[in-house]
Amino acid sequence: MSDTFTKLTYQTLQQGKNYFSLAHKTFSSQLRNLAYPTLGQNIKPIPNEILLKLQQRLNQLLEADWQDAQKGVYPESLLFDNPWEDFFRYYLLVWLDLPQIWERVKQNKYQDFAPEIETHGYPSYYVQNFHHQSNGYLSDLSANLYDLQVELLFGGTADAMRRRILAPLKQGLKAFESVPPRQVRILDVACGTGRTLKLMRAMLPQASLFGTDLSPAYLRKANELLSQIPEELPQLVQANAEELPYLDDYFHAVTSVFLFHELPAAVRQTVIEQSFRVTKPGGVFIICDSIQLGDSPEMVALMDSFPETFHEPYYKHYATDDLVARLEKAGFENVEIQVHFASKYFIAHKPV
């Protein structure tokens, strides 16, 4: 395909996902208002000027995604890598799960787990129905629905935002160009369903990839996804990010995607310190998470309503937290910040 046709195909795909997500949100909101009319009373419509700004930011994200593929940062095929199988298998279940979510919201039940779900031994901050989702992060159903739910939330841009870590990751690894590719070790902290590791594998087919997560269900889902890739299977370990089970100075790079806004402040610092400990001197640590209040003044109203709308109990503090100061306190230096659409990136380096 010509570059022009390929770009048009990519833009059409992304626009289609965006329209579908908007239709899903519209129909589900209408159904919620019929079944639970009081739940939508405090939800204010997004002003047109903010919608326009969001569209501009989305277009900028997609252009950056396209440009990185054209520059060879990662294969162009990643632009079209979508979990279609999960969509057709689980989209109906997303709808069937909505009444439970609405009932949970109505009753203000934020630590609601089925009797068969084992919650003992997990940190108290983790035993939450983040996003009001059934059984939090501790069931196979939750793991199966998660990627689809996040794609619907972000208008089909979740992977495009995840891919923003790939260029700084590849750049950071240049410090270890003398290391044979198979000996390069990269850790994804809180790897969830393995989407980020899958993107890394496409860019770095020979690197040794590692992932940790607290949820056995999400690790099962990650193993299912990653085992379909012909290259070496990433090593997945169930572990708390506050106590990473690796030697000091072990990884050439460490990443974490969409984790920090779901951590209490003190835990954020601990996870950063653990990431510093396991990163090699000269290595890079990359955080991808939500934008913060200081990045987008026009988005303040959306960010203020986000914690209640999606049950994110630690988001308000995260939105004003100085992660650069936390990174420097742990020992990182030369922290670069990037903002793309609804996400923010911290690219930090461990001194040699």
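Below or above, wherever it landed, is the structure these notes cover. If you're wondering where the values come from, they're calculated on a predicted model, not measured in any experiment.

### A short note on the sheet that holds strand 3 (residues 235–238)
For step 1, the next point in the chain: Strand order in the open sheet formed by seven strands is 3-2-1-4-5-7-6, and the pairing between neighbours is mixed. Every interior strand has two partners, whereas the edge strands, strand 3 and strand 6 (333–340), have only one. Strand-to-strand twist across the sheet, computed as the mean angle between neighbouring axes with direction ignored, equals 15°.
For step 2, the next point in the chain: Contacts from helix 7 (residues 195–203) reach strand 1 (185–189), strand 2 (208–213), strand 3 and strand 4 (251–257), with the element oriented near 175° to strand 2.
For step 3, the next point in the chain: Its contacts with the sheet place helix 8 (residues 216–226) against strand 2 and strand 3, and it is angled at close to 170° to strand 3.

### Let's talk about helix 12 (residues 323–330)
For step 1, the next point in the chain: Among all positions in helix 12, only L323, V324, R326, L327 and A330 are buried. Buried residues of helix 12 fall within an arc of 160° about the axis and therefore sit on the same side.
For step 2, the next point in the chain: Along its buried surface, helix 12 packs onto helix 9 (265–278), strand 5 (279–290), helix 11 (315–320), strand 6 and strand 7 (343–349).
For step 3, the next point in the chain: Of the residues flanking the start of helix 12, the one acting as N-cap is D322, its side-chain oxygen 3.3 Å from the backbone nitrogen of V324.

### Things to note about helix 1 (residues 3–35)
For step 1, the next point in the chain: With 33 residues, helix 1 ought to run about 48 Å at 1.5 Å a step, and its terminal C-alpha atoms sit 48 Å apart, in line with that.
For step 2, the next point in the chain: At its buried positions, helix 1 is contacted by helix 2 (48–70), helix 3 (84–106) and helix 4 (140–153).

### Remarks on the environment of V127
For step 1, the next point in the chain: Topologically, V127 is positioned in the loop between helix 3 and helix 4.
For step 2, the next point in the chain: C-alpha separation for the pair V127 and V324, spaced 197 residues apart in sequence, amounts to 28 Å.
For step 3, the next point in the chain: Each residue touching V127, except ones within four places of it in the same chain, is listed here: Y110, Q111, F113, T119 and Y122.

### Concerning the packing of helix 1 against helix 3
For step 1, the next point in the chain: Where helix 1 meets helix 3, the closest approach of the two axes is 11 Å, and the angle between their N-to-C directions is 25°. Comparing the axis directions of helix 1 and helix 3 gives the class roughly parallel. Every pair of crossing elements has a handedness; the one defined by helix 1 and helix 3 is right-handed. On the side of helix 1, the interface is formed by L13, F20, H24, F27, S28, L31 and R32, while helix 3 contributes W84, F87, Y91, V94, W95, L98 and W102.
For step 2, the next point in the chain: When the residues that make up the contact of helix 1 with helix 3 are grouped by side-chain class, the tally is eleven nonpolar, two polar and one charged.

### Notes on the pattern of salt bridges
Pairing between side chains of opposite charge can happen when the charged atoms of each approach one another.
For step 1, the next point in the chain: Taken as a whole and judged by the stated rule, the model has 24 salt bridges.
For step 2, the next point in the chain: Between D248 and R277 there is a salt bridge; the shortest N-O distance is 2.8 Å. With D248 in the loop between strand 3 and strand 4 and R277 in helix 9, this residue pair connects regions lying 29 residues apart in the sequence.
For step 3, the next point in the chain: Assessed through its relative accessible area of 21%, R277 is described here as partly exposed.
For step 4, the next point in the chain: Taken together, the shared-partner salt bridges in this structure form one network comprising D81, D147, D159, R162, R195 and K198.

### Concerning the nonpolar core
For step 1, the next point in the chain: L187, F260, F285, L327, F332 and F346 are the most contacted members of the largest nonpolar core, which has 51 residues in total.
For step 2, the next point in the chain: At five residues, helix 9 tops the list of elements feeding residues into this core.
For step 3, the next point in the chain: Discounting chain neighbours no more than four positions away, the residues touching F332 are I272, S275, F276, T279, F285, L327, A348, H349 and K350.
For step 4, the next point in the chain: If you look at the next biggest cluster of nonpolar residues, it comprises 39 residues, including W66, L169, M203 and I229.

The rules behind each value
- Residues numbered from 1 in each chain as written.
- Predicted model: local features only at pLDDT ≥ 70, side-chain atom pairs only at ≥ 80, totals over all residues.
- Heavy atoms only, no water.
- Pairing = 2+ DSSP bridges.
- Helix = DSSP H or I, 4+ residues; strand = E, 2+ residues; numbered from the N terminus.
- Axes fitted to C-alpha atoms, helices over the stretch in contact; angles between N-to-C directions.
- Contact = heavy atoms within 4.5 Å.
- Buried < 20%, exposed > 50% of the residue type's maximum accessible area, 1.4 Å probe, protein only.
- Arc of directions from axis to C-beta.
- Polar contact = N/O pair within 3.5 Å; in protein donor to acceptor, adjacent residues only side chain to side chain.
- Expected span 1.5 Å × (residues − 1).
- Parallel < 35°, antiparallel > 145°, perpendicular 65-115°, else oblique.
- Left-handed = near helix turned anticlockwise from the far one by under 90°.
- Nonpolar A, V, L, I, M, F, W, Y, C, P; charged D, E, K, R; others polar.
- Salt bridge = Lys/Arg side-chain N within 4 Å of Asp/Glu carboxyl O.
- Core = buried A, V, L, I, M, F, W, Y, C linked by side-chain atoms within 4.5 Å.

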